Amino acid sequence: MNANLQQTLEAYGNDKHRLMDILLDVQAVDGFISDEAASTIAAELGISMVDVEQTATFYHFFKREPKGKYQIYLNDSAMSNVMGRADVKKAFAEASGTEWGTMSQDGEIGLYDTACIGMSDQEPAALINNVIFPSLTPERATQLIADMKAGKDVEDMYYMELGDGKNSTSKINSMVNNNIHKSAIVLDDLYKAGTALDIATKKSEWEVIGIVKTSGIRGRGGAGFPTGMKWEFCRMSEGEKKYIFCNADEGEPGTFKDRVLLTEQPQMVFEGMAIAGYSIGAKEGIIYLRYEYLYMKEYLEAELQKARDAKRLGNHIRDKAGFDFDIRIQFGAGAYVCGEESALIESAEGKRGEPRFKPPFPVQKGYLQMPTSVNNVETFCSVCRIVENGGEWYRDLGTSSSTGTKVLSISGDCARPGIYEVEWGLTVNEMLEMVGAKDTQAVQIAGPSGSLIGEKDFDRQICYGDLPTGGAMMVFDSTRNLLDVVGNFMDFFIEESCGSCATCRITSQMLRNRLTKIQAGHGVSKDIDDLLEWSEVMKASRCGLGMSACNPIITSLTNFRGMYDELIQKDVEFDECFNLEAAIQESAAVVGREAKL
Ligand code: SF4
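Residues numbered from 1 in each chain as written. Predicted model: local features only at pLDDT ≥ 70, side-chain atom pairs only at ≥ 80, totals over all residues. Heavy atoms only, no water.

A. Molecular detail of the layout of surface pockets. As a volume, the second largest pocket reaches approximately 640 Å³. Lining the second largest pocket are 28 residues, with Asp-76, Ser-77, Asp-113, Thr-114 and Ala-115 positioned closest to its centre. Elements that contribute at least two residues to the lining of the second largest pocket include exactly helix H5 (78-82), strand S2 (109-114) and helix H18 (482-496). Ranked by the residues each element gives to the lining of the second largest pocket, the list is headed by H18, at seven residues. Of the residues contributing to the lining of the second largest pocket, the split by class is twelve nonpolar, seven polar and nine charged. (1 Å grid on protein atoms, 1.4 Å probe; cavity = no way out; pocket = protein on both sides within 12 Å on 5 of 7 lines; lining within 4 Å. Points joined across faces, edges and corners; volume = space filled by probe spheres on them. Helix = DSSP H or I, 4+ residues; strand = E, 2+ residues; numbered from the N terminus. Nonpolar A, V, L, I, M, F, W, Y, C, P; charged D, E, K, R; others polar.)

Okay, structure coming up:
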């Protein structure tokens, strides 16, 4: 066994539950996970090669073969496409002389697609050797390839000033911008670290849970489960150990608020986690951070140390005997489904990120089968202000069903894309005015899994009782082809399905095929009936991904039926459902014949 691998395995105590970390570390040194490394890891962890293989092949960013000295992962989200991805992609391919999806012959440059990397307000963006290159243009792409051919380090290829706020600190050193346009209780500078912990530790655990319940706060990741209730269930569950997870896997295309919160308010996130630990009786907290945010690792580790030094983490927190709580960071490796809490836990245990059957719920049997509370980054920040000011104070913000504030990530066709912290209850019209949007055709509320709405719904409120959202808002003006957007969303869900349920795995592809047929002008009215009928089937899926993967189709059909009707063939009896010429293209290419009927 090579020394590096041995060191890595020892660093994680040969613990099979740390397989994700082990694979990430091996890859960081070797560039990919070789068969030899995989087989040694299996032997040393006492698991089968299949176990290692399952994990190593599930996530987008694990590589089982070399992918190039410079690996360019260009975001393929709808927002990236709207903002000019096609020209940037062409420039990368032409300048490098490399076909997309492959590595150059000399092994220097690899060109690949990736799902949303959390930069929707500064697209097109790419991850190059784990460094984020936002606001790309064809000229910048061409220059980047020239820099690569000259053998430069990625950090020496920056083409813009460092980003705003903490992005410009030496530990982050990134061109990424926060673009915070509106702050309220979570994003303002008024919170003094440690205040909420001082208050919480003078109260009983149940009193703290009571304050959180009184506030009415619901999970800020999108599902909206009442936080106080989740903590109460977890507190009541029996377990030798308990765990707090911070879900920082924001993979919903269009969402980037957690990136900004972690950049600007890490101490609030840690403190909220510690308060959760105190409340439910957990001593360990784990931040499950998406791989795309690897550039924040050094900064967050340093911030964790600051919290320990200030006795906001560690043993006897705030000098309270018996209150011990610390946090570690667990990186994902690229899988949208891991935003689902049980899939996230599976992943943190070193496995494929497949959602579990429920019950039992994570608050009963979560990480390592112990009671676990999984909460969103923004939820933890909000908890600090709730404990500081009281549940009633928080209830006065927002609406009766949606208390408090919400951090929105707004992107697309508007003058000021970025981060806005608003009180729940804002109307879509007010939001559009706030961001300087004109000639708006549609707004995608809550990312692809949410709703595509048009002008007739712009006076509706952003809140759980009307238009709920985890924070993603995408604005499309009248020049955009909404069916292309819907198609992109469907491709995303197909790519991200974990494949466990037939309803999710197969039906999403069937819907996409029918949509493609309609887009090509071959559709008939029966196709629209099929889209609606098959969408119902998807709702029988195991997790939220499968249940909501039909939403782009359903909501666009509900609110923009005209664009479908315009494309389908009128009074056509023959349904050209199967295109024989297209179907034989691949085989014709193999045998070198022309596929012409
Ligand atoms: Fe996996 Fe889709 Fe089933 Fe969820 S619904 S468990 S993502 S196959």
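B. Summary view of the sheet that holds strand S7 (residues 284-289). Read from one edge of the open sheet, four strands run S8-S7-S6-S9, paired in parallel fashion. A strand with exactly one partner marks an edge of an open sheet, and here the two such strands are strand S8 (326-331) and strand S9 (372-376). On average, adjacent strands in this sheet sit at an angle of 25° to one another, irrespective of strand direction. Running at roughly 60° to S8, helix H2 (residues 19-30) makes contact with S7 and S8 of the sheet. Its contacts with the sheet put helix H12 (residues 266-280) on strand S6 (243-248), S7, S8 and S9, and the angle it makes with S6 is roughly 150°. (Pairing = 2+ DSSP bridges. Axes fitted to C-alpha atoms, helices over the stretch in contact; angles between N-to-C directions. Contact = heavy atoms within 4.5 Å.)

C. Seen up close, the packing of helix H11 (residues 257-264) against helix H15 (residues 377-389). For the pair H11 and H15, the least separation of the axes is 9 Å and the interaxial angle reads 50°. The orientation of H11 relative to H15 falls into the category oblique. Side by side, H11 and H15 meet where Lys-257, Asp-258, Leu-261 and Leu-262 of the first sit next to Val-377, Glu-378 and Cys-381 of the second. The residue inventory of the contact of H11 with H15, partitioned by class, reads four nonpolar, no polar and three charged. (Parallel < 35°, antiparallel > 145°, perpendicular 65-115°, else oblique.)

D. View of helix H17 (residues 428-435). Along H17, the residues classified as buried are Val-428, Met-431, Leu-432, Met-434 and Val-435. Buried residues of H17 fall within an arc of 160° about the axis and therefore sit on the same side. Taken together, the buried residues of H17 touch strand S5 (180-182), strand S10 (405-412), strand S11 (418-423), strand S12 (440-445), strand S13 (451-454) and strand S14 (472-477). Positive backbone phi, approximately 70°, marks Gly-436, located one or two places after H17. (Buried < 20%, exposed > 50% of the residue type's maximum accessible area, 1.4 Å probe, protein only. Arc of directions from axis to C-beta.)

E. Local environment of the site of the ligand. Around the ligand sit 13 residues in total, of which Cys-498, Ser-500, Cys-501, Cys-504 and Cys-543 are the nearest. Among the detected pockets, the ligand sits in the second largest cavity. Across the shell around the ligand, the residue classes tally to seven nonpolar, five polar and one charged. (Near = heavy atom within 4 Å. Sits in = over half its atoms within 2 Å of the grid points.)

F. The arrangement of the sheet that holds S11 in detail. Read across the sheet, six strands follow the order S5-S11-S10-S14-S12-S13 without closing on themselves; strand pairing throughout is mixed. Looking along the sheet, the strands with just one partner apiece sit at the ends: S5 and S13. Neighbouring strand axes in the sheet, compared pairwise and without regard to direction, differ in orientation by 25° on average. Inspection of the sheet shows S10 paired to S14 by four bridges, in the parallel sense. Bridging from a neighbouring strand, Ser-409 pairs with Ala-472 of S14.

G. Highlighting the pairing of S12. Most of S12 sits out of view: five of its six residues are buried. Relative to S14, S12 runs antiparallel, the two sharing five bridges. The residue of S14 that forms the bridge with Ala-442 is Phe-476. The hairpin turn running from S12 into S13, its antiparallel successor, is five residues long, and Ala-446 in that turn takes a positive phi close to 70°.

H. Fine view of empty space enclosed by the protein. Tallied over the entire structure, the rule returns three cavities of 30 Å³ or more. For the largest cavity, the calculated volume is near 110 Å³. For the largest cavity, the lining is made up of 17 residues, of which Arg-290, Glu-292, Gly-334, Ala-335 and Tyr-336 are closest to its centre. Counted as a void, the second largest cavity has a volume near 70 Å³. Taken together, 13 residues line the second largest cavity, and the ones lying closest to its centre are Pro-355, Cys-498, Cys-501, Cys-504 and Cys-543.

I. Local environment of the pattern of salt bridges. Inspection of the entire model under this criterion finds 41 salt bridges. Among the salt bridges present, the one from Asp-147 reaches Lys-152, with a minimum N-O distance of 3.5 Å. The salt bridge involving Glu-292 is made with Arg-290; its shortest N-O contact spans 3.3 Å. Accessibility assignment for this pair places Glu-292 and Arg-290 in one class, buried. Here the salt bridges share partners, and the residues they tie into one network are Arg-514, Lys-517, Lys-526, Asp-527 and Asp-530. (Salt bridge = Lys/Arg side-chain N within 4 Å of Asp/Glu carboxyl O.)

J. Highlighting unusual backbone geometry. With an omega of -10°, the peptide bond running from Glu-123 to Pro-124 counts as cis. Tracing the backbone through its elements, the reader meets Pro-124 in the loop between S2 and strand S3 (126-128). A positive phi angle is found at His-316, which is not glycine, with a value near 50°. Note on placement: His-316 falls in the loop between helix H13 (297-309) and S8. One non-glycine residue, Leu-368, adopts positive backbone phi at about 50°.

K. Summary view of the nonpolar core. Ranked by internal contacts, the top residues of the largest apolar core, which has 142 residues, are Phe-325 and Tyr-564. Ranked by residues supplied to this core, first place goes to H12 with nine residues. Residue contacts for Tyr-564: discarding those within four places in its chain leaves Leu-483, Val-486, Leu-515, Ile-518, Ile-528, Leu-531, Ile-553, Ser-556 and Leu-557. (Core = buried A, V, L, I, M, F, W, Y, C linked by side-chain atoms within 4.5 Å.)

L. Fine view of a nonpolar patch on the surface. A contiguous nonpolar surface patch, about 480 Å² in accessible area, is contributed by Trp-206, Phe-225, Met-229, Phe-233 and Met-236. A total of three residues in the nonpolar patch trace back to one element, the largest contributor, which is helix H10 (residues 227-236). In this structure, Phe-225 sits in the loop between helix H9 (205-215) and H10. Judged by relative accessible area, Phe-225 falls into the partly exposed class, the value being 38%. (Patch = residues over 30% accessible without salt bridge, like charges linked within 9 Å, V, L, I, M, F, W, Y side chains within 5 Å. Areas by Shrake-Rupley, 256 points an atom, 1.4 Å probe, with all protein chains shown as cover.)

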